[in-house]
Amino acid sequence: MSDKRASSVYRLDAPMPLFGYCRRWSEPRHVRDVIVLLPLPFQRKASPAQETSQVRLEREGRNEIRRITAAVEKVPWSVSLMQILWTAGPVTLLGAWGGYLLGYGKAPTTENYVFFISYTVITGAAGILANLGYHLTQGRKAEKTSGQIEQVIKTLPELLLVTRDLIVESLEGDARRREAAAMLLRKHDLSPEGVELAAIELLDDRESARLIGQIDVYRRVGLHARIRDLVTQYRDTLEPQFNALYDTAPIATHLLRERFEGRAPDLHQGVPRDENFIERVMAAIEQDNDLLMTLQDVEEMMILAFELISGREIPVLSFEYRGRWRLAQAFDNLEEARARQRIAQATGLSRLKALNVYLAEQSGTLVEDSASGLRAELLLERSVKAMDALAEQIVHLAQAVEVGQEERKRALRTKADILANAIQLYKSVSSAYEQVGRSHAQLIKSVDRWERITASLSDDTTRLRLGPGRRGLRIRERTIALDDEAKARVCKHLARYLNQTGITPRHHEAWRGAHRETQLSVGVDAAKRFAIEIFLALEPHVGLSQPATQRAINSSNAADFGQIEPNLSAAAKAALGASMVREVDTELSRAAESLALALVRHYRVELEPAAIEFLKRQYGARDSTLQMLSNINLTGRSDARNVSFLSHRPPAVGTPHRDWYRALVRARRLFGRR
C-alpha cells in the first residue's frame with residue numbers, strides 16, 4: 001500500500017496503546033504511518049489545513065525527486081518486460097509466417113511452426129532473464145541515485161544556514177551584531193518582534209526599535225495610513241540615526257529604512273545577489289588561493305545550486321550578428337573586448353572586497369564590518385589604514401621580543417602572517433586594476449575597427465533586426481537552467497563529494513565547543529572547498545565560466561529560501577524549493593536597457609522607434625531610458641573615439657607600501673626566516 005494511503009490503516013503488529021497513538025512526522029516511517037483510532041484524553045486535534053499542506057508538500061517533493069531520478073534511470077521494468085514479450089511472441093510468429101508465405105508461396109508446415117514457436121520461447125526466456133539481471137543491478141543503482149538526490153536536497157539548505165552562522169562567527173563586536181541583524185531583516189516573514197530585535201542591534205535605541213516594530217504590525221494588517229502618520233511624525237528622529245549607520249553598514253541601513261517606511265522583502269522580487277561571486281570562486285580555483293573567495297561567495301554558490309536543482313530558469317540576453325564575414329569578425333572582436341573589460345572591472349572590485357573581508361575576519365584589525373555595499377575608494381582606504389596599523393603593531397611587538405619578552409612571539413607570528421596574506425591580496429588588487437587599463441585600451445581599438453568597417457556600409461546593414469530571420473544584428477535569448485538529467489548528475493557529483501569528505505551540518509556541530517580560531521579554520525576551509533565543488537559540478541551544464549552567464553546571474557535576484565527549516569524532510573524541502581523558485585519574477589528590464597546602451601554606445605547604432613517599442617513590450621525596459629539613448633547624436637563617429645568606456649574610474653591602488661615589507665622583514669628575522 002502506498003505511503004499516502006497507509007495513514008488510514010492501523011498497524012495490527014504495533015503494540016496497542018492504552019488510548020491511541022499520536023502520529024508525529026518527525027518519527028521514522030514505520031512509526032509515523034500509525035494514526036489515532038481512539039482519541040486521547042485532552043488531545044488537541046490537528047488542523048486539517050496544516051496536515052493537508054504537509055502531505056501535499058511531501059507528495060510534490062517525492063514526485064520531483066522521482067522525476068529527476070527517472071531522467072537518468074529511464075527504463076521501467078514493466079515496460080521492458082512487455083516489450084520483450086510482445087517482440088518475442090506475436091511479432092516473431094507473425095513475421096515468420098509472413099516471410100515463409102512470401103518466400104515459398106504457402107503457409108508454414110507443422111515442423112516450421114514447432115521451430116518458430118521453440119525459437120520464440122527460447123529467445124523470450126533469454127531476454128526476460130537478461131532483463132531481470134539488468135534490473136536487479138540497475139534497480140539498486142536507481143535507488144542509490146534517488147538517495148543521492150535526496151541527500152543533496154536535504155543537506156544544501158542546512159549547509160547554507162551553517163555558512164551564515166560562520167559569516168557571523170567570523171566577525172567581532174558590533175560588526176557581528178550588524179551582520180546578524182541584516183540577516184534577520186532579509187526574511188520576508190520576520191515577526192514584528194524580530195524586526196524590533198534587529199532594529200535594537202543596529203540602532204542601540206529601544207524606543208526607535210519599538211516604533212519600527214509597531215510599524216511592521218500595521219503593515220501586516222494593511223493600515224498604511226497609520227504607517228504614514230508615524231513616518232511623518234518620527235522621520236526627523238530616525239533619519240540622523242540611519243545616516244550615521246550607513247557609513248558602516250549600508251545594506252543593513254537600507255533594509256531597516258524599508259521596514260521603517262512599511263515595506264518588507266518581496267518573494268516575487270527575490271534577494272539581490274552579491275555581485276561577481278562567481279568570478280571570485282573562479283579566481284580561488286585558478287590561483288589555488290581560497291583567500292580570494294569569501295564566505296558570502298560560498299553562501300551565494302549554495303543558493304545558486306539549490307535554485308538550479310529546484311528548477312530555476314535565468315534568462316540571458318546578448319547580441320549576435322550573422323552576415324558579411326568582415327563585419328561578423330569585427331563584431332566578435334568587439335564583443336570579446338567588451339567581455340574582457342567588464343571582467344577586468346569586476347575583478348578589481350572583487351579582489352578589493354576579498355582583501356577587506358579577510359581583514360574583517362582577523363582579530364585585532366581596524367576593519368570590523370564586511371565589505372557589502374561599500375564603494376571601491378572606501379574599501380581601499382579602509383584596507384590601507386588597517387595594513388598600516390598592522391605594520392605598526394608588528395614593529396612594536398618585534399621591539400618587545402628583541403628586549404626579551406618571549407611571550408610576545410606568538411602574537412608577533414600571528415600578526416606577521418596576517419600582514420603577509422594581506423600583502424598578497426593587495427598585490428592581486430593592484431594587478432587587477434592594471435588589467436582594467438589594458439582591457440580598456442583594447443576595447444577602444446575594437447570600437448575603432450568596427451566603426452571603420454561600418455562607415456562604408458549602409459545603416460540598414462547594422463541596424464537592429466526585430467522580425468523573423470537569422471541574418472543581421474539581433475538580440476539572442478537563451479536560458480540558464482538544468483534539465484532533469486543534469487539535475488541528477490549534479491546531485492550525484494555533490495553527494496559523492498559530501499560522502500567522501502564527511503561534510504554535514506553535524507560536522508560543524510562537532511567543532512562548536514572548540515576554540516573559536518579552530519572552529520573558524522575548520523568550518524571556513526570546508527565551506528570554501530564545497531563551494532569550489534559546486535562550481536565544478538555546475539560548469540559542464542550551465543557554463544559558469546562564460547562572461548554572459550556570469551552577467552545574467554549577477555543581474556538576477558536569488559530566490560528567498562528563508563522558509564526552509566532544517567528539520568523538514570528532503571521531499572518537503574524539494575517542494576518548498578520549487579515553489580519559491582516559481583515565485584521569483586523574471587526581470588529583464590535592466591538587461592534590455594544594458595543592451596540598448598551597448599547598441600548606442602559601442603556599436604554606434606541608432607535606436608529606432610520600432611526597437612524602442614520592442615524593448616518596452618518584450619522586456620519591460622523603461623521608456624525614459626530608451627528615449628534618452630535614442631536622442632544621442634551618432635552622426636559624428638570620430639568624436640566618440642576619445643570617449644572613455646569605463647563605467648567608473650578605478651581607484652589609485654599603487655604598489656604595496658615599503659613600511660609593510662620592512663615590518664615583515666623585521667619580524668621574520670626574529671624567527672630565522674628569509
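Criteria and thresholds
- Residues numbered from 1 in each chain as written.
- Predicted model: local features only at pLDDT ≥ 70, side-chain atom pairs only at ≥ 80, totals over all residues.
- Heavy atoms only, no water.
- Helix = DSSP H or I, 4+ residues; strand = E, 2+ residues; numbered from the N terminus.
- Buried < 20%, exposed > 50% of the residue type's maximum accessible area, 1.4 Å probe, protein only.
- Contact = heavy atoms within 4.5 Å.
- Salt bridge = Lys/Arg side-chain N within 4 Å of Asp/Glu carboxyl O.
- Polar contact = N/O pair within 3.5 Å; in protein donor to acceptor, adjacent residues only side chain to side chain.
- Patch = residues over 30% accessible without salt bridge, like charges linked within 9 Å, V, L, I, M, F, W, Y side chains within 5 Å.
- Areas by Shrake-Rupley, 256 points an atom, 1.4 Å probe, with all protein chains shown as cover.
- Core = buried A, V, L, I, M, F, W, Y, C linked by side-chain atoms within 4.5 Å.
- Expected span 1.5 Å × (residues − 1).
- Axes fitted to C-alpha atoms, helices over the stretch in contact; angles between N-to-C directions.
- Parallel < 35°, antiparallel > 145°, perpendicular 65-115°, else oblique.
- Left-handed = near helix turned anticlockwise from the far one by under 90°.
- Nonpolar A, V, L, I, M, F, W, Y, C, P; charged D, E, K, R; others polar.
- Phe/Tyr/Trp six-rings, centres within 6.5 Å; stacked < 30°, edge-to-face > 60°.
- pLDDT = per-residue confidence, 0-100.

Novice: When you look at the overall build of the protein in this model, what are you seeing that I'm missing?
Specialist: Looking only at helices and strands, the protein has 25 helices and 2 strands in total. Within the protein, the proportion of its 674 residues that are buried is 46%. Pairs at least 24 apart in sequence give 77% of the contacts found in the protein among residues at least 6 apart.

Novice: Hey, could you run me through unusual backbone geometry in this one?
Specialist: Both trends apply: most residues other than glycine have a negative phi, and most peptide bonds are in trans. Located in the positive-phi region is Asp204, a residue other than glycine, with phi close to 55°. Assignment of secondary structure puts Asp204 in the loop between helix 7 (192-203) and helix 8 (206-220). The backbone phi angle of Asp288 is positive, close to 50°, even though this residue is not glycine. Structurally, the position occupied by Asp288 is in the loop between helix 11 (277-286) and helix 12 (295-309).

Novice: When you look at the pattern of salt bridges in this model, what are you seeing that I'm missing?
Specialist: Opposite charge on two side chains permits them to pair, given that their charged atoms come into close proximity. Inspection of the entire model under this criterion finds 32 salt bridges. Glu239 is paired through a salt bridge with Arg235; the nearest N and O atoms lie 3.6 Å apart. With a gap of 4 residues between them, Glu239 and Arg235 both fall in helix 9 (residues 224-246), about one helical turn apart. Taking the shortest distance from any N to any O, the salt bridge between Arg257 and Glu239 comes out at 3.3 Å. Remark: Glu239 occurs in helix 9 and Arg257 occurs in helix 10 (residues 250-260); sequence separation between them is 18 residues.

Novice: What should I look at first to understand the environment of Leu230 in this one?
Specialist: For Leu230, the location among the structural elements is in helix 9. On a C-alpha basis, the gap between Leu230 and Ile215 in space is 7.6 Å, while along the polypeptide they are 15 residues apart.

Novice: Help me understand the side chain of Thr163, please; the structure alone is not making it clear to me.
Specialist: Within the secondary structure layout, Thr163 lies in helix 5 (residues 110-169). Assessed through its relative accessible area of 2%, Thr163 is described here as buried. In terms of polar contacts, Thr163 uses its side chain to reach the backbone carbonyl oxygen of Leu159, at 2.8 Å. Setting aside its immediate chain neighbours within four residues, Thr163 contacts Leu295, Val298, Glu299 and Met302.

Novice: What is the right way to look at a nonpolar patch on the surface in this model?
Specialist: Nonpolar side chains collect at one region of the surface, where Leu93, Trp97, Leu101, Tyr113, Ile117 and Val121 lie side by side and expose about 520 Å² of accessible area between them. Mapped by element, the contributors of at least two residues to the nonpolar patch are helix 4 (77-104) and helix 5. With respect to the helices and strands, the residue Leu93 is situated in helix 4. The partly exposed category is assigned to Leu93, whose relative accessible area is 34%.

Novice: Sorry, what's going on with the side chain of Glu299 here?
Specialist: Tracing the backbone shows Glu299 in helix 12. Other than its neighbours up to four places away in sequence, Glu299 contacts Leu160, Thr163, Arg164 and Ile167.

Novice: How should I be thinking about the environment of Glu150 in this particular structure?
Specialist: Within the fold, Glu150 resides in helix 5. Measuring from C-alpha to C-alpha, the distance between Glu150 and Ala571 comes to 7.4 Å, with 421 residues separating the pair along the chain.

Novice: Looking at this structure, I do not really get the nonpolar core. What am I missing?
Specialist: If you look at soluble globular proteins, the nonpolar side chains tend to sit buried side by side. Among the nonpolar cores identified, the biggest contains 64 residues, and Leu156, Leu304, Phe530, Ile534, Leu538 and Leu544 are the most heavily contacted of them. Mapped by element, the contributors of at least two residues to this core are helix 5, helix 11, helix 12, strand 1 (314-322), helix 17 (484-501), helix 19 (516-542), helix 20 (547-555) and helix 21 (570-583). Discounting chain neighbours no more than four positions away, the residues touching Phe530 are Leu156, Leu159, Met302, Leu494, Tyr497, Leu498 and Ile503. Core analysis: the next-biggest nonpolar cluster, separate from the first, contains 38 residues, Leu292, Leu355, Val429 and Trp660 among them.

Novice: Before we go on, may I ask you to explain helix 21 in this structure?
Specialist: Helix length check: helix 21 (14 residues) gives 20 Å between terminal C-alpha atoms against 20 Å at 1.5 Å per residue, within 8%. A large share of helix 21 lies buried, amounting to 11 of its 14 residues. Within helix 21, burial applies to Ala570, Ala571, Ala572, Lys573, Ala574, Ala575, Leu576, Gly577, Ala578, Met580 and Val581.

Novice: Help me understand the packing of helix 8 against helix 9, please; the structure alone is not making it clear to me.
Specialist: The packing of two helices is summarised by the inter-axis angle and the distance between the axes. Where helix 8 meets helix 9, the closest approach of the two axes is 11 Å, and the angle between their N-to-C directions is 150°. Here helix 8 lies roughly antiparallel to helix 9, going by the angle between them. For the pair helix 8 and helix 9, the crossing hand works out as left-handed. Counting all contacts with helix 8, which are made through Ser208, Leu211, Ile212, Ile215, Tyr218 and Arg219, the residues of helix 9 involved are Arg226, Ile227, Leu230, Val231, Tyr234, Leu238 and Gln241. For the contact of helix 8 with helix 9, the class distribution of residues is 9 nonpolar, 2 polar and 2 charged.

Novice: Help me out: how do you make sense of the packing of aromatic side chains in this one?
Specialist: How two aromatic rings sit relative to each other is set out by the distance from centre to centre and by the angle between their planes. Enumeration over the complete set of coordinates arrives at 5 aromatic pairs. Ring geometry for Tyr426 versus Trp660: centroids 5.1 Å apart, planes at 85°, classification edge-to-face. With Tyr426 in helix 15 (residues 409-455) and Trp660 in helix 25 (residues 658-670), the pair connects residues that are 234 residues apart, well separated along the chain. As far as burial versus exposure is concerned, Tyr426 and Trp660 are alike and both buried. Look at Tyr497 and Phe530: their rings are 6.2 Å apart centre to centre, the planes differ by 20°, and that puts the pair in the stacked class. A residue pair is termed long-range when its members are at least 10 positions apart, and Tyr497 in helix 17 and Phe530 in helix 19 qualify at 33 residues.

Novice: Could you clarify how one ought to interpret the packing of helix 14 (residues 376-402) against helix 25 in this entry?
Specialist: For the pair helix 14 and helix 25, interaxial distance at closest approach is 9 Å and the crossing angle is 30°. The pairing of helix 14 with helix 25 is recorded here as roughly parallel in orientation. Like other packed secondary-structure pairs, helix 14 and helix 25 cross with a definite hand, here left-handed. Packed against helix 14, whose contacting residues are Val384, Met387, Asp388, Ala391, Ile394, Val395, Ala398, Gln399, Val401 and Glu402, the element helix 25 presents Asp659, Trp660, Ala663, Arg666, Ala667 and Leu670 at the interface. Broken down by class, the residue content of the contact of helix 14 with helix 25 amounts to 11 nonpolar, 1 polar and 4 charged.

Novice: Would you mind showing me how to read the environment of Ala107 here?
Specialist: Within the fold, Ala107 resides in the loop between helix 4 and helix 5. Through-space distance from the C-alpha of Ala107 to that of Trp97 is 7.0 Å; in sequence the pair is 10 residues apart. If sequence neighbours within four positions are ignored, Ala107 has contacts with Trp97, Tyr100 and Leu101.

Novice: Would you explain the confidence of the model for the protein in this entry?
Specialist: If pLDDT is low for a region, its predicted coordinates should not be looked at in detail. Averaged over the protein, the pLDDT score is 76; the fraction of residues at 70 or greater is 73%. Within the model, the stretch residues 1-51 combines pLDDT values under 50 with 42 contacts to residues more than four positions away or in other chains. Below a pLDDT of 50 lies the segment residues 637-645, which in the model reaches 20 contacts outside its immediate sequence neighbourhood of four places, other chains included.

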